[in-house]
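Architecture and fold: a report
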Amino acid sequence: MGKVARRFGLLLNIVVIIVSFCLLQANAHEIVSGNNTKRMKSCDLFEGSWVFDNSYPLYNSTTCPFIRKEFDCIKYGKPNLDYLKYRWQPKGCNLPRFDGKNFMKRYKGKKIMYIGDSLSLNNFESLLCLLHAALPKSKFKQQINKQTLSVTFEDYGVEVILFHSNYLVDIEMEPNVGRVLKLNSIKSGEIWKQADVLIFNTWLWYLRADSKQPWDFVENNGTISKDMNRIEAFRIGLNTWAKWVERDINTKKTKVFFQGASPMHYHGSEWGKPEVKNCFNETTPVKGSTYPSGLPIPVNIVKQVLKNMSKPIVSLLDITKLSQLRKDGHPSIYNGLHGLDCTHWCIGGVPDAWNNILYASLFPTNSSKHSI
């Protein structure tokens, strides 16, 4: 009996080892990306395609109290609602489904701050809707200050903040000069670094010119000029921001993300349809995982600036390509401003996928139970 027991015990150990190995292999595809997270080569959350999924959307946007009229596509009559039914499917791995209750519990008493332009507002309101849908009876309070809008879910003390900054760097009124865009100056950092999670975004306003730009002169290294190459201005401004992050951010307290450039859809030739003028009447994503026109200018600049940082403390939410594929996700004419908008996004919609990836980056898991 002793020999039999020993042999059975040995066999059992071998089986346990084999099963454990198989589980490790199966779970290897669940590791999410990000500079602060171990990345598996087989799992890139930003490469993949959109799949139709009847279990979507993640929430009913008509019950979300935070959506501004610019993004409230259902209220303003968007006729085809299939855009709500698409789920982002990365290649080689599954994206954990957003769990608002888990988010609230794990970030109890903490602050999440979006800093940037109206694309950050898009992203900010998406997260608010995702959290509200998970706990619809949770009390919340809103506060509006000069540059910030915040919503606090009082049951958990989770505060979600939007800090409006079109360039990340400063614009100041100079006596006898006018409004000056200061590419080497950031004075809002003391407010930013109070948060536990920072999601930065800038690009769109660097291209604004003439009456659409909110400055009269630009300053770089002490020299004030009427204008300069806007791509170079973006590069300089972004490097100023990167140096601020390196110098001022306590990585033991704060996680930092940069939201990649959000694409526009005003020229059908970019997605292989030269006869199409804009996103109006677009009801399906681009098929597959390739966008014909390639990536916009700021993408490589952002990646190079992050690569050149002395410490890998910023995770890139590289949402450009996956958003390029969603020509159907814009408000188009179905918004409260009554204009054609192929820049911003309907809520619910594409920004929910951005926040789903943020969720996966904040809470990496090897478990498949939350997948899809």
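Attention in this report is confined to the structure presented alongside it. Everything numeric in this text was worked out from a predicted model, so none of it was measured.

Focus: the nonpolar core
In terms of nonpolar packing, the biggest core is built from 97 residues, with Phe 103, Trp 192, Leu 198, Phe 200 and Trp 241 touching the most fellow members. Sequence-distant contacts of Trp 192, defined by excluding residues within four places in its chain, comprise Met 113, Ile 115, Phe 163, Ser 165, Leu 168, Ile 186, Leu 198, Phe 200, Trp 241 and Trp 244.

Some words on a nonpolar patch on the surface
Nonpolar side chains collect at one region of the surface, where Phe 280, Ile 333 and Leu 340 lie side by side and expose about 230 Å² of accessible area between them. Relative to the helices and strands, Phe 280 resides in the loop between strand S12 (255–259) and helix H6 (297–307).

Here we look at the packing of helix H3 (residues 118–134) against helix H8 (residues 350–362)
Two packed helices can be described by the angle between their axes and the distance between those axes. Following both chains from N to C, one finds H3 and H8 inclined at 75 degrees, their axes separated by 9 Å at the closest point. Comparing the axis directions of H3 and H8 gives the class roughly perpendicular. Facing H3, whose interface residues are Leu 119, Asn 122, Asn 123, Ser 126, Leu 127 and Leu 130, H8 presents Pro 351, Asp 352, Trp 354 and Asn 355. Of the residues in the contact of H3 with H8, the class split is five nonpolar, four polar and one charged.

A word on the sheet that holds strand S5 (residues 148–153)
In spatial order, the strands read S4-S5-S6-S3-S9-S12-S13; together these seven strands make up an open sheet with mixed pairing. Each of the sheet's edge strands pairs with one partner strand only, and the pair in question is strand S4 (140–144) and strand S13 (314–317). The sheet shows a mean angle of 15 degrees between the axes of neighbouring strands, taken without regard to direction. Strand direction decides the pairing type here: S5 and strand S6 (residues 158–164), joined by six bridges, are antiparallel. Paired with Ser 150 across the bridge in S6 is Ile 161. Contacts between H3 and the sheet are confined to strand S3 (111–116), S4, S5, S6, strand S9 (197–200) and S12, with S6 contributing the most and set at about 165 degrees to the helix.

What counts, and where the lines are drawn
- Residues numbered from 1 in each chain as written.
- Predicted model: local features only at pLDDT ≥ 70, side-chain atom pairs only at ≥ 80, totals over all residues.
- Heavy atoms only, no water.
- Core = buried A, V, L, I, M, F, W, Y, C linked by side-chain atoms within 4.5 Å.
- Buried < 20%, exposed > 50% of the residue type's maximum accessible area, 1.4 Å probe, protein only.
- Contact = heavy atoms within 4.5 Å.
- Patch = residues over 30% accessible without salt bridge, like charges linked within 9 Å, V, L, I, M, F, W, Y side chains within 5 Å.
- Areas by Shrake-Rupley, 256 points an atom, 1.4 Å probe, with all protein chains shown as cover.
- Salt bridge = Lys/Arg side-chain N within 4 Å of Asp/Glu carboxyl O.
- Helix = DSSP H or I, 4+ residues; strand = E, 2+ residues; numbered from the N terminus.
- Axes fitted to C-alpha atoms, helices over the stretch in contact; angles between N-to-C directions.
- Parallel < 35°, antiparallel > 145°, perpendicular 65-115°, else oblique.
- Nonpolar A, V, L, I, M, F, W, Y, C, P; charged D, E, K, R; others polar.
- Pairing = 2+ DSSP bridges.

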